[in-house]
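Residue-level listing of the chains:
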Amino acid sequence: MSSLISTFTQNLAFSAPEIEAILSTPLNEVLNSPQLKQELDSLDIKLLRETLPTAGAVLATHLPPFYNWLKNELGVQRVPDSPDHTTKWVIGFLNNQESINHLVELHRPVPHAALEQAVPRLVGLFDGVEDITVRKEWEKAVAALCLVLVVDAREQEKLATVG
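Thresholds applied
- Residues numbered from 1 in each chain as written.
- Predicted model: local features only at pLDDT ≥ 70, side-chain atom pairs only at ≥ 80, totals over all residues.
- Heavy atoms only, no water.
- Helix = DSSP H or I, 4+ residues; strand = E, 2+ residues; numbered from the N terminus.
- Polar contact = N/O pair within 3.5 Å; in protein donor to acceptor, adjacent residues only side chain to side chain.
- Contact = heavy atoms within 4.5 Å.
- Phe/Tyr/Trp six-rings, centres within 6.5 Å; stacked < 30°, edge-to-face > 60°.
- Buried < 20%, exposed > 50% of the residue type's maximum accessible area, 1.4 Å probe, protein only.
- Lys NZ or Arg CZ within 6 Å of the ring centre and 35° of its normal.
- Axes fitted to C-alpha atoms, helices over the stretch in contact; angles between N-to-C directions.
- Parallel < 35°, antiparallel > 145°, perpendicular 65-115°, else oblique.
- Left-handed = near helix turned anticlockwise from the far one by under 90°.
- Core = buried A, V, L, I, M, F, W, Y, C linked by side-chain atoms within 4.5 Å.

A. Molecular detail of the environment of H102. Tracing the backbone through its elements, the reader meets H102 in helix α8 (residues 100-107). On a C-alpha basis, the gap between H102 and A118 in space is 19 Å, while along the polypeptide they are 16 residues apart.

Structure below.
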C-alpha cells in the first residue's frame, strides 16, 4: 500500500479500497458524497478552533522546510514564501470563510505526482503535538482536505491526457 493511501486510511474513516474508489471518482461527486460530508462533519471544529494557536505554531515551524522540500526536491514552481497563508486559510476554513473549492483552485498548479508525495509529509507535520486528541484531530482535518486535493489532481491528470 502506498504511503498516500496509508496516510488516508490511518487518519480517515475509510479502508484502502474505499480510498482507491474515492480517488478515482470525479471531484464534484466526491464533494457531494455522503461519505465526505460525514467525514467533514465528524471533525471536532470546536477543538480545532481552540487549538489553532498550537496548529499555527506547528505550521510556522514546519512549513518553511516543507516548502523548501517541495521546491527543491519535487520541483514545485509556485511555493508560498511563508506559512502565513496556509495558517490563515485553515482558520478561514474552520470559520466557514474559505471553501474547499477555493482550496482546490489554489492547488491546481501543483503537479499531480508532487501533490501525492507531499500529503503524507504534510499530515506528518503534526507528529510532534503532544496531546494525542489534538494531534489526531489536526491530522484528520489535513488528511480530509488533502483527499479532496488528490481527487482533483487525479481528475485533472485524466482530463489532460484525454484532452
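Additional details are given in the paragraphs that follow.
B. Inspection of the side chain of E116 at higher detail. Tracing the backbone through its elements, the reader meets E116 in helix α9 (residues 112-123). In terms of polar contacts, E116 uses its side chain to reach the side chain of H112, at 2.7 Å. Those residues in contact with E116 that lie beyond four places of it in its chain are L4, V150 and R154.

C. How the structure looks around the packing of aromatic side chains. For the structure shown, the criterion picks out 3 aromatic pairs. Their ring planes at 35° and their centres at 5.8 Å tell us that F66 and W69 sit as a pair that is tilted. Of this pair, F66 and W69 both sit in helix α6 (residues 52-72), 3 residues apart, which is roughly one turn of the helix. Taking relative accessible area as the criterion, W69 reaches 15% and is therefore assigned buried. Centroid distance F126 to W138: 5.8 Å. Interplanar angle 10°. Geometry classified as stacked. On the criterion of sequence distance, the pair formed by F126 in the loop between α9 and α10 (132-162) and W138 in helix α10 is long-range, its members being 12 residues apart. Aromatic rings pair up to connect F66, Y67 and W69 into one cluster. Across from the ring centre of W69, 4.1 Å away, lies the NZ or CZ of R121, which sits over that ring.

D. Structural view of the packing of α6 against α9. Running from amino to carboxyl end, α6 crosses α9 at an angle of 165°, the nearest separation of the two axes being 11 Å. Relative to α9, α6 is oriented roughly antiparallel. Relative to α9, the crossing made by α6 is right-handed. Contacts between α6 and α9 involve L63, F66, W69 and L70 from the former and Q117, A118, R121 and L122 from the latter.

E. Molecular detail of the nonpolar core. Ranked by size, the top nonpolar core spans 56 residues in total, and within it F8, L23, L70, F126, W138 and L147 carry the most contacts. Ranked by the residues each element gives to this core, the list is headed by α10, at 14 residues. If near-sequence neighbours (up to four positions away) are discounted, L147 is found in contact with F8, L12, F14, I19, I22 and L23.

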